[in-house]
Amino acid sequence: MNWYNFPDDSGALAGAAKDCGAASGGRYRISYNKLPRTADGQRQQLVRRLAAKDSGLDIMGLDVTWPAEFAEAKWILPWTGANRQRAVEGTLAVPLQTAIWKNTLYAVPYNTNTQLLWYRNDLVPTPPTTWAGLVSMARDLAKRGKPHYVEIQGAQYEGLTVWFNTLVESAGGSILNRAATAPSLGPPAVAAATIMREFARSPAADPSLSNQMEDQNRLAMESGTAAFEINYPFVYPSMKANNPKLFKSFRWAAYPGVDANRPARPTIGGIDLAVGAYSHHPALAFEAALCLRNSKHQISAAVTGGLPPTLRALYSDKKLQQSYPFADAVLKALENGSVRPRTPAYQNVSIAISHTLSPPSGIQPRADIDTISGQIRDALQSKGLIP
């Protein structure tokens, strides 16, 4: 079996491949092949090889935004019968949504991810629960001459789309309609764009907001210039290693909501495992994929690689909770979470959003939502440029 997945330096993926080969009793061996580090590079390599009907792609780790595109192109095989039952059993519902296209399961969730609000409790004894509260606390800290920035992803890339999607979903809306045939942007989207603009123009925003991604957010928080950051769990071990003194005050809370009447719906990430349509060994590939994402290997990936599991029962595992003292917060965020628009045209949809809303300080809420709606409508009809 050839398994193509993101590059992992922790050894968890290579270890899982070796374990599963040994457990097969000699029926197969898994070769773990590293894809490029960037998501765009990973997708490009897979798309080119699948378009050429490459039979060497047995198992693939797909970003959660790709299954719809790959399924529509008939590059990956559906999960049916006993394989499907094993794939869905015990799997968290929201990550499972990312692997479904047109009511058919096309992959098995391997790992997931979600953002939390991270903060310094030496500056903020009680974390805010809404965006209005977050900006208000940052403004108060600024008036007192304290570190006050709220670090979030504001650069013109996928992170900006994720921010927007989370706010739209948290406001009770969605980017596409249920059938993924047309944009569904309305008042919730205008509210989301307004929050982004008001945040970017407030003292809460880092002056580098329009150029910031996850790692720049992490570094700013570790440097002591920020009071908050909205980011993924990888920031916790990083703060512990890089600034032990500040780590003593480093805490986490739920993603802030649009209003106090409903919880936020943070956009999830992660990787889904799919079986290539041109594999010479599809039956074994399904079996191997299930082994790669079993409880043992998900715990290993979580503890050594910082990748949250997709199996609900693992959040009660003592080994995970020792490494993830915030496991309960992650689980709650995943249960309340949202997914990005499921459509084969996702790349175009994401570009339309991130380009129109950049920089956040220049957002014109109603006009920009109209622009995004038109561009999404074109993308769904295969008009315009394809990235």
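To keep things clear, this report deals only with the structure shown in the data block. This is a predicted model, so every value here is computed, not measured.

Here we look at the nonpolar core
As a rule of thumb, soluble globular proteins bury nonpolar side chains together. Ranked by internal contacts, the top residues of the largest apolar core, which has 50 residues, are W3, I30, L46, F70 and W79. If one sorts the elements of this core by residue count, helix α12 (residues 282-292) sits on top with 7 residues.

Brief notes about empty space enclosed by the protein
In the structure shown here, the tally under the stated rule is 2 cavities of 30 Å³ or more. Each pocket or cavity is described by its volume, and for the largest cavity that value is around 50 Å³. V64, T65, T98, I268, V339, R340 and R342 together form the lining of the largest cavity. Contributing to the lining of the second largest cavity are V64, T65, W66, P67, A68, T98, I100, W101 and R342. For the lining of the second largest cavity, the elements supplying multiple residues, two or more each, are α3 (67-72) and β4 (100-101). Among the residues making up the lining of the second largest cavity, the classes are represented as 6 nonpolar, 2 polar and 1 charged.

A short note on the side chain of S354
Within the element layout of this structure, S354 appears in helix α16 (residues 346-356). The contact partners of S354, leaving out residues within four places of it in the chain, are Q156, Y157, L160 and T161.

Things to note about the pattern of salt bridges
All chains considered together, the criterion is met by 14 salt bridges. Note that R340 and E158 form a salt bridge whose closest N and O atoms lie 2.7 Å from each other. Pair noted here: R340 is in the loop between α15 (327-335) and α16 and E158 is in helix α7 (residues 158-170), with a separation of 182 residues, a long-range link. On the basis of relative accessibility, which here comes to 11%, the residue R340 falls in the buried class. Judged by its relative accessible area of 25%, E158 is partly exposed. Linked by salt bridges that have partners in common, D215, R218 and E222 make up one network.

What counts and what doesn't
Residues numbered from 1 in each chain as written. Predicted model: local features only at pLDDT ≥ 70, side-chain atom pairs only at ≥ 80, totals over all residues. Heavy atoms only, no water. Core = buried A, V, L, I, M, F, W, Y, C linked by side-chain atoms within 4.5 Å. Buried < 20%, exposed > 50% of the residue type's maximum accessible area, 1.4 Å probe, protein only. Helix = DSSP H or I, 4+ residues; strand = E, 2+ residues; numbered from the N terminus. 1 Å grid on protein atoms, 1.4 Å probe; cavity = no way out; pocket = protein on both sides within 12 Å on 5 of 7 lines; lining within 4 Å. Points joined across faces, edges and corners; volume = space filled by probe spheres on them. Nonpolar A, V, L, I, M, F, W, Y, C, P; charged D, E, K, R; others polar. Contact = heavy atoms within 4.5 Å. Salt bridge = Lys/Arg side-chain N within 4 Å of Asp/Glu carboxyl O.

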